[in-house]
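Secondary and tertiary structure notes
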Amino acid sequence: MSSPASTVVASTRFDTEPLDPTQLWQRILSRLQLHAEQAHFDTYLRGTRGVAYDPGASVIRVAVSNPFHIPWLEGKLSPLIHAVVADLLGSPIRVEFCPGQDPPDATLQARRPRPAPLLAQLEATRPQTPPLIDHYSPSEPTGRPRTNGQFTAGSPLNARYTFDSFVVGHSNRLAHAASLAVVDRPGNAYNPLFLYGGVGLGKTHLLHAIGHAIAATGSDVLYVSSETFTNELIEAIRQRRTDHFRLKYRTARVLLIDDVQFIAGKESTEEEVFHTFNAIHESGGQLVLSSDRAPRAMAILEDRLRSRFEWGLTADIQAPDYETRIAILRSKLSTAVIGSVPSDVLDFIAEKVQSNIRELEGSLNRLLAHARHMQQPVTVELAARALRDLVAPGPSGRNVTPAAILFAVGRYYGVNSDELKGKSRHKHVVGPRQIAMYLLREDAHLSTPDIGRLLNRDHTTVLHGVKLISGDIARDGPSRAAIRGVREVIAAGSVQMPTSSGEDVDG
């Protein structure tokens with residue numbers, strides 16, 4: 001897609017006679033359609049109309065039918081719009097966007113269009129007509145999304161993630177049923193709905209499925225990851241546009257936030273999530289959140305947020321059992337461009353890959369690719385060769401070092417090894433320490449005295465901690481998800497062990 005800033009065009013000058021703002025904006029739209037992404041043009045630019053043009057003040061006012069599109073037009077699309085306008089008119093011109101419910105005025109001196117009630121409240125606090133052209137630099141790429149955290153209309157929903165493609169089993173039945181209840185009665189059933197579980201178990205799939213189903217009823221749905229939410233907040237603060245940011249999120253009817261665990265410890269983000277939560281909940285909107293751990297296991301999360309996350313329903317998604325894994329593999333085969341796969345091959349994959357659904361699907365795709373490119377039939381022998389580096393036994397079957405366990409526990413909970421070995425009895429350290437005791441016993445096969453020496457505790461304290469975690473796991477408590485999460489950190493090889501400290505954590 002070519003950039004208007006770099007395209008040589010015979011510039012047209014309109015200095016000789018006054019222009020009708022409607023005709024002028026139509027010419028600008030025609031040029032924008034050549035450079036903007038089609039989806040962006042159809043959603044945000046098509047249907048806008050020019051209502052005033054003052055060449056002396058170098059400003060064009062454009063009416064927008066949907067006021068919630070203004071943050072996008074003034075943010076993400078602003079560089080492209082101003083580049084096209086400057087190229088077409090021969091000089092930089094500021095473009096003002098306003099709600100378009102009032103009749104168009106002929107000049108900018110006429111009465112400003114009456115804003116919607118919420119916009120009127122925000123108008124008092126926003127800076128007066130900031131020079132949007134300052135945000136454009138000719139050296140900047142235009143016509144495509146920028147990556148510096150400008151406002152977006154939310155992340156797009158994945159078309160593959162629907163309820164029809166979600167395989168229901170014992171491990172996710174509650175989460176699936178709760179998600180359907182939210183679709184039937186958004187804002188009333190399980191508000192908020194908090195889905196948690198390990199990596200690759202279907203949390204994001206359910207969030208997108210909820211979004212698709214509610215959007216099909218005509219309701220507005222906003223899906224965003226916690227990382228995008230944080231980046232947009234940072235950019236809003238930098239540009240002094242927090243009013244737009246709050247308008248976008250606090251007026252959402254359905255807000256879906258993925259991987260909410262990443263906001264923990266980020267004070268400004270937690271503050272915005274807190275107020276956004278309250279605004280949506282009090283207005284009758286629906287919130288659905290996902291995390292890799294239960295709210296009570298998010299040790300550094302503010303108590304006021306933790307209590308709100310637990311307000312509705314928390315539903316755990318566990319690793320799929322054998323029958324569910326077989327069903328998932330069969331569902332994936334329905335879309336694969338290859339003949340049927342023998343049942344014994346599916347049994348082999350389901351037996352060997354037990355950690356999460358992504359690895360299960362990836363293993364099947366890898367096997368099918370081997371069969372297709374090597375032009376061989378799909379057999380157990382081929383599966384064993386194709387997946388030999390993907391079917392390593394779980395953590396309990398490997399030589400897991402105490403150092404890896406302590407570092408993984410620290411990474412999962414946001415604490416360090418010194419705190420785990422220290423004297424602190426604060427709850428944000430005691431819980432992770434007991435998880436470490438359990439894993440050192442079960443996966444590293446250390447004795448309780450060895451664990452005690454490693455963590456500077458006596459063996460009775462270690463024994464108590466191990467029993468406490470074992471009992472919680474037996475009751476299907478939050479420790480089950482925590483243990484699974486730490487093991488996944490180890491299994492994924494994401495733990496980068498420090499090599500320069502010289503610390504002997506193996507005891």
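Heads up: these notes are all about the structure in this document. (Residues numbered from 1 in each chain as written. Predicted model: local features only at pLDDT ≥ 70, side-chain atom pairs only at ≥ 80, totals over all residues. Heavy atoms only, no water.)

Let's shift gears to the overall build of the chain. Looking only at helices and strands, one finds 21 helices and eight strands in the chain. Classification of the 507 residues of the chain by burial places 49% in the buried group. Of the contacts made within the chain by residues no fewer than 6 positions apart, 74% connect residues no fewer than 24 positions apart. Split by element, the accessible area of the chain, about 24,300 Å² in all, is 51% carbon and sulfur. (Helix = DSSP H or I, 4+ residues; strand = E, 2+ residues; numbered from the N terminus. Buried < 20%, exposed > 50% of the residue type's maximum accessible area, 1.4 Å probe, protein only. Contact = heavy atoms within 4.5 Å. Areas by Shrake-Rupley, 256 points an atom, 1.4 Å probe, with all protein chains shown as cover.)

This paragraph deals with the sheet that holds strand 4 (residues 193-197). Read from one edge to the other, the open sheet built from five strands follows the order 5-6-7-4-8, with strand pairing classed as parallel. Bordering the open sheet on either side are strand 5 (221-225) and strand 8 (313-317), each of which pairs with just one other strand. Here the average twist between neighbouring strands, direction ignored, is 15°. Inspection of the sheet shows strand 5 paired to strand 6 (residues 254-258) by five bridges, in the parallel sense. Among the inter-strand pairings, Val224 is bridged to a residue of strand 6, identified as Ile257. (Pairing = 2+ DSSP bridges. Axes fitted to C-alpha atoms, helices over the stretch in contact; angles between N-to-C directions.)

Turning next to the sheet that holds strand 1 (residues 49-54). What the three strands build is an open sheet, ordered 1-2-3; its pairing is mixed. The open sheet is flanked by strand 1 and strand 3 (94-99), the only strands paired with a single partner. Pairwise comparison of adjacent strand axes, ignoring direction, gives a mean angle of 25° for this sheet. Direction of pairing for strand 2 (residues 59-64) relative to strand 3: parallel, over a ladder of six bridges. Paired with Val59 across the two strands is Arg94, which belongs to strand 3. On top of the sheet, helix 4 (residues 78-89) reaches strand 1, strand 2 and strand 3; it is set at about 125° to strand 3, its chief contact.

What follows is about the environment of Ile326. When you line up the elements, Ile326 lands in helix 12 (residues 322-333). In this structure, the C-alpha to C-alpha distance between Ile326 and Leu346, residues 20 residues apart in sequence, is 6.6 Å. Residues contacting Ile326, with those up to four places away along its chain left out, are Leu346, Asp347 and Ala350.

Next up on the list: the pattern of salt bridges. Applying the stated criterion across every chain, the model contains 16 salt bridges. In this structure, Lys248 and Glu232 form a salt bridge, with 2.9 Å as the shortest nitrogen-oxygen distance. With Lys248 in helix 9 (residues 242-250) and Glu232 in helix 8 (residues 226-239), this residue pair connects regions lying 16 residues apart in the sequence. For Arg484, the salt bridge identified is with Asp316, shortest N-O distance 3.6 Å. In this pair, Arg484 is assigned in helix 21 (residues 478-491) and Asp316 in strand 8, connecting sequence segments 168 residues apart. The class of Arg484 is buried, set by a relative accessible area of 13%. With a relative accessible area of 15%, Asp316 lands in the buried category. Through salt bridges with shared partners, a single ionic network connects Arg61, Arg94 and Glu96. (Salt bridge = Lys/Arg side-chain N within 4 Å of Asp/Glu carboxyl O.)

Ranked by size, the top nonpolar core spans 29 residues in total, and within it Ile405, Val409, Ile435, Leu439, Leu440 and Val486 carry the most contacts. Every element with two or more residues in this core is listed here: helix 16 (402-413), helix 18 (427-442), helix 19 (448-455), helix 20 (459-474) and helix 21. The residues touching Ile405, leaving out its near neighbours within four places in the chain, are Val400, Ala436, Leu439, Leu440, Asp443, Ala444 and Ile490. Among the nonpolar cores identified, the runner-up in size contains 27 residues, and Tyr249, Ile280, Phe309 and Ala481 belong to it. (Core = buried A, V, L, I, M, F, W, Y, C linked by side-chain atoms within 4.5 Å.)

Spatial relationships are all this shows, so hold off on functional conclusions.
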